[in-house]
Amino acid sequence: MDDTAPQDTSSLMKGARDIAKETKRQAVKKVNKVVDRASDEYSHSRTYQRFQDEDDDYYSQPDGNYTGDDANDEEGSSDATEGHDDEDEIYEGEYQGIPSDAKARDGQVALGQPLADGLKDRRELEKERQADEEELAQQYELIIQECGHGRFQWQLFFTLGLALMSDGVEVFVVGFVLPSAETDMCMPDSSSGWLGSIVYLGMMVGAFFWGGMADKVGRRQCLLICMSMNGFFAFLSSFVQGYGFFLLCRMIAGFGIGGAVPIVFSYFAEVLAREKRGEHLSWLCMFWMIGEIYASAMAWAIIPHYGWSFSMGSSYQFHSWRVFVVVCALPCVCAVVALTFMPESPRFYLEVGKHDEAWMILKQIHDTNMRARGQPEKVFTVNRIKIPKQIDEFVEMQAESGNIFSKVIFRIKTELHGIWLNFLKCFNYPVKDSTVKLAIVWLTLSFGYYGLSVWFPDVIKHLQADEYASKVQRHNNECIEDFTFNFTLENQIHTNSLFINDRFIGMKFKSVTFINSTFHSCFFEDVTSVGSFFRNCTFIEAVFYNTDIDDSKLINTDVVNSTFYHNKTGCQMTFEDDYSAYWVYLVNFLGTLAVLPGNIVSALLMDKIGRLSMLGFSMILSGISCFFLWFGTSESMMIGMLCLYNGLSISAWNSLDVVTVELYPTDRRCVCTHT
């Protein structure tokens, strides 16, 4: 009696265990049927016919049972494993770090595991990626806060500041060299406008290209390439003599510098905590102002000095404005050198799935800042960072038999196509409306600011020309005989004059016009004429030696028995005794200094009153000040309105940069910012 009681208890426990296993097996079958039905519906919706014929074999055995660990529970159970929960079993290889779903065979879906990426719709993958990016954004913000703000950010601040300074210099170089280049290259008035617009054309194309490339290959690498391109072709443009080659070099230089601004702000924003982002991006904008001050100061100091030039015969002239172009390329060279010592953006590495590289850079940021604070023992506690789901792009492969040229063309087409697709994402929900609104704001603000920067030097020049013309000296019906002119004649008009046996030696005609005048037996030697013309005049038995008087200055003029020896070729330039150039560059210098108060105010108030509020108020006030330029009739009024406009609009620029950088996700931040 006592012996049978334990046996009955053991049999009862074994029967209960068998009932539990059978119940579990039936539940697994039901789950498998649900998975099969969902997979079938998915396969039909994607019209993948090859999956329809293989559904049963793909997910289960022929008898309908799920192929897994539980299929052999009876065979795998013994008295030694009684009382052991199947869910607590340690799978083979777990201690090696192999994921638990590695045991599932090819073509099988493990219970409780999501479908493979290849079986998912692209929209589902993008939703998963978006969720991962939101999680990464929160984690990354905490990581940057742990890294702190210190020496590393300031090193990157000054490095990127040099790049931004180069962009500001490039914009103002055009306006400063335009009057001098027109004269040096003998450009007609109909062609001079190309020089003012060709740089902006290159910047527009470069912005689109480099923005897309920065989102694909990295911020630092693209910034290095575009800055190197700008520096090289800007330097080369100072030596070319032909107008066409000069335009080509400036366009390529603009193409390079076009990618600088948004890459700089995106790069710097990705190593800043949110509470410091607005302020420090505004401080970074000050380097744009420094670039303007640098360009204005160099133009003021270099261009008016005609003696800072040399020539190699009459075919090669290197005037002072070319020296100015070389000097303006120096900040770009310094930026390239400094960038070689800086790492890539860790946020970009995380976006493209390079976890280890990003972790190393974040640790470098942390250690650099901690050492600067005197806390080198502080340890970087982050071990694992969320990586967004990587979605494979389907790219058509080029045949191996193609030549190098065709492969290069194919690679370029592929990259441009990828950039275009990334650009189109800027017009997808939920950033579509914001992109359109920001594009309008960027267009209007750029049109006003850059338009004034190119237009204002010419306005000052015309105002001074009108004032200069009002002081002209008029001489009528004069007769001068046997006289030697060896001094400068300036701002004069001679009408119905007679010059007999006179000598013009080593002198200059500066803005002098002769109308209906006669020169009989006169001798001209080493004569330079700037802005001077002979209209309806007559030269009889005159001799010209080493002068620049040619057909372009002899308008409806008769030349009788006269001889020209060693005429000067090309366009003659002179800034001697010409203070108008000094005045133009000084005015731009003052207008640039007016930006300083606006920069300081925007940096201090950006995070307090908000980006959009500052943007709105700044654009309204700057628009009002720009409107009053229409009523400017004097130089002092124009200068005052320009300084006011620059000081008010800079806050709009700073807030617009911050808003644009913060609005877009990392994978399309640069290309959308360039838009």
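Remember, predicted model here, so these are calculated numbers, not experimental data.

Asker: Just to check I follow, could you spell out the overall build of the protein for this structure?
Answerer: A tally of regular secondary structure across the protein gives 22 helices and 18 strands. A total of 675 residues make up the protein; the buried ones form 44% of that total. Across the protein, contacts joining residues at least 24 apart in sequence account for 63% of those joining residues at least 6 apart. Roughly 35400 Å² of accessible area belongs to the protein as shown, and the carbon and sulfur atoms make up 59% of that amount.

Asker: Teacher, can you tell me more about helix α9 (residues 243-257) here?
Answerer: Since the α-helix advances by 3.6 residues per turn, residues separated by three or four positions end up pointing in the same direction. The terminal C-alpha atoms of α9 lie 21 Å apart, and with 15 residues this matches the ideal 21 Å at 1.5 Å per residue to within 8%. Residues of α9 that are buried: Y243, F246, L247, C249, R250, A253, G254, G256 and I257.

Asker: Would you take a moment to explain the nonpolar core for this structure?
Answerer: The nonpolar side chains of a soluble globular protein tend to be buried, and buried together. Formed by 115 residues in total, the largest nonpolar core has its most connected members in L160, L223, M227, F268, L284, F324 and L362. Of all the elements, helix α6 (residues 151-184) adds the most residues to this core, at 15 residues. Ignoring sequence-local partners within four residues, the contact set of L284 consists of F157, L160, G161, L164, V264, F265 and F268. Ranked by size, the runner-up nonpolar core spans 19 residues in total, among them F524, F534, A542 and I549.

Asker: Before we go on, may I ask you to explain helix α13 (residues 330-339) in this structure?
Answerer: Looking only at α13, the buried set comprises P331, C332, A335, V336, A338 and L339. In an axial view of α13, the angular spread of the buried residues amounts to 165 degrees, which keeps them on one side of the axis.

Asker: Which parts of the structure should I look at to understand the sheet that holds strand β10 (residues 518-520)?
Answerer: Paired through their backbone hydrogen bonds, the strands of a sheet run either parallel or antiparallel. The strand order across the open sheet built from five strands is β4-β7-β10-β14-β17, with neighbouring strands paired in parallel fashion. Each edge of the open sheet is held by one strand with a lone partner, namely β4 (479-481) and β17 (558-560). When strand polarity is set aside, the average angle formed by the axes of neighbouring strands in this sheet is 5 degrees. One ladder, built from three bridges, connects β4 with strand β7 (residues 498-500); its direction is parallel. Each bridged residue has a counterpart across the sheet, and for I480 the counterpart in β7 is F499.

Asker: What is the right way to read the pairing of strand β9 (residues 508-515) from this model?
Answerer: Across a regular strand the side chains alternate sides, sitting on one face of the sheet and then on the other. In terms of strand pairing, strand β6 (residues 489-495) meets β9 through six bridges, oriented parallel. Bridged to T495 within β9 is I515. Of the pairings in the sheet, the one linking β9 to strand β12 (residues 528-530) comprises three bridges and is parallel in character. Bridged to K508 within β12 is T528. In this structure, β9 lies alongside strand β13 (residues 533-535), joined through three bridges in parallel fashion. Each residue of the ladder has a partner; that of F514, found in β13, is F534.

Asker: Explanation requested: the packing of aromatic side chains in the structure shown.
Answerer: A full pass over the atoms with the stated rule returns 36 aromatic pairs. With a centroid separation of 5.9 Å and an interplanar angle of 50 degrees, the aromatic rings of W210 and F255 are classed as tilted. Residue W210 is found in helix α7 (residues 189-217), and its partner F255 is found in helix α9; the two are separated by 45 residues along the sequence. In this structure, R347 is placed above the aromatic ring of Y140, and the distance from its NZ or CZ to the ring centre is 5.6 Å.

Asker: Got a minute to help me understand the packing of helix α10 (residues 260-269) against helix α11 (residues 274-302) in this structure?
Answerer: Each packed pair of helices is defined by two parameters, the angle between the axes and the distance between the axes. The N-to-C vectors of α10 and α11 enclose an angle of 145 degrees; their axes lie 10 Å apart at closest approach. Between α10 and α11 the crossing geometry is right-handed. Each of V261, V264, F265, F268 and A269 in α10 lies in contact with α11, whose residues at this interface are R277, H280, L281, L284, C285 and W288. The residue inventory of the contact of α10 with α11, partitioned by class, reads nine nonpolar, one polar and one charged.

Asker: Hey, could you run me through the sheet that holds strand β18 (residues 563-565) in this one?
Answerer: Across the sheet, five strands lie side by side as β5-β8-β11-β15-β18; this open sheet has parallel pairing. Both edges of this open sheet fall to β5 (484-485) and β18, since each of them pairs with a single strand only. With three bridges connecting them, strand β11 (residues 523-525) and strand β15 (residues 543-545) associate as parallel partners. What sits directly across from E525, in β15, is Y545.

Asker: Help me understand the pattern of salt bridges in this model?
Answerer: Pairing of side chains with opposite charge becomes possible as their charged atoms draw close. Summed over all chains, the structure comprises nine salt bridges. When the shortest N-O distance is used, the salt bridge between R277 and E141 registers 3.7 Å. Taken as a pair, R277 in helix α11 and E141 in helix α5 (residues 122-147) lie far apart in primary sequence, 136 residues in all. Both residues of the pair, R277 and E141, count as buried. Across the pair E467 and K471 runs a salt bridge, and its minimum N-O distance is 3.8 Å.

Asker: Which parts of the structure should I look at to understand empty space enclosed by the protein?
Answerer: To find the voids left in a structure, one rolls a probe of water-molecule size over its atoms. For the coordinates displayed, the defined rule picks out five cavities of 30 Å³ or more. By volume, the second largest cavity amounts to about 80 Å³. Lining the second largest cavity are S166, V169, E170, V173, N230, A234, R250, V325, C328, A329 and C332. Elements represented by at least two residues in the lining of the second largest cavity include exactly α6, α8 (219-237) and α12 (320-328). The class makeup of the residues in the lining of the second largest cavity is seven nonpolar, two polar and two charged.

Asker: Looking at this structure, I do not really get the environment of A214. What am I missing?
Answerer: Mapped onto the elements, A214 comes out in helix α7. Sequence-wise, A214 and G259 are 45 residues apart; in three dimensions their C-alpha atoms are separated by 8.7 Å.

Asker: Sorry, what's going on with unusual backbone geometry here?
Answerer: Apart from glycine, the bulk of residues carry a negative phi angle, and the bulk of peptide bonds sit in the trans form. Its identity is not glycine, yet D482 carries a phi of approximately 50 degrees, on the positive side. Relative to the assigned elements, D482 resides in the loop between β4 and β5. Of the residues examined, D482 reaches a relative accessible area of 45% and is grouped as partly exposed. Here the phi dihedral of N496 falls at roughly 55 degrees; this positive angle occurs in a residue that is not glycine. Its place among the elements puts N496 in the loop between β6 and β7. Given the relative accessible area of 41%, N496 is considered partly exposed.

What counts and how
- Residues numbered from 1 in each chain as written.
- Predicted model: local features only at pLDDT ≥ 70, side-chain atom pairs only at ≥ 80, totals over all residues.
- Heavy atoms only, no water.
- Helix = DSSP H or I, 4+ residues; strand = E, 2+ residues; numbered from the N terminus.
- Buried < 20%, exposed > 50% of the residue type's maximum accessible area, 1.4 Å probe, protein only.
- Contact = heavy atoms within 4.5 Å.
- Areas by Shrake-Rupley, 256 points an atom, 1.4 Å probe, with all protein chains shown as cover.
- Expected span 1.5 Å × (residues − 1).
- Core = buried A, V, L, I, M, F, W, Y, C linked by side-chain atoms within 4.5 Å.
- Arc of directions from axis to C-beta.
- Pairing = 2+ DSSP bridges.
- Axes fitted to C-alpha atoms, helices over the stretch in contact; angles between N-to-C directions.
- Phe/Tyr/Trp six-rings, centres within 6.5 Å; stacked < 30°, edge-to-face > 60°.
- Lys NZ or Arg CZ within 6 Å of the ring centre and 35° of its normal.
- Left-handed = near helix turned anticlockwise from the far one by under 90°.
- Nonpolar A, V, L, I, M, F, W, Y, C, P; charged D, E, K, R; others polar.
- Salt bridge = Lys/Arg side-chain N within 4 Å of Asp/Glu carboxyl O.
- 1 Å grid on protein atoms, 1.4 Å probe; cavity = no way out; pocket = protein on both sides within 12 Å on 5 of 7 lines; lining within 4 Å.
- Points joined across faces, edges and corners; volume = space filled by probe spheres on them.

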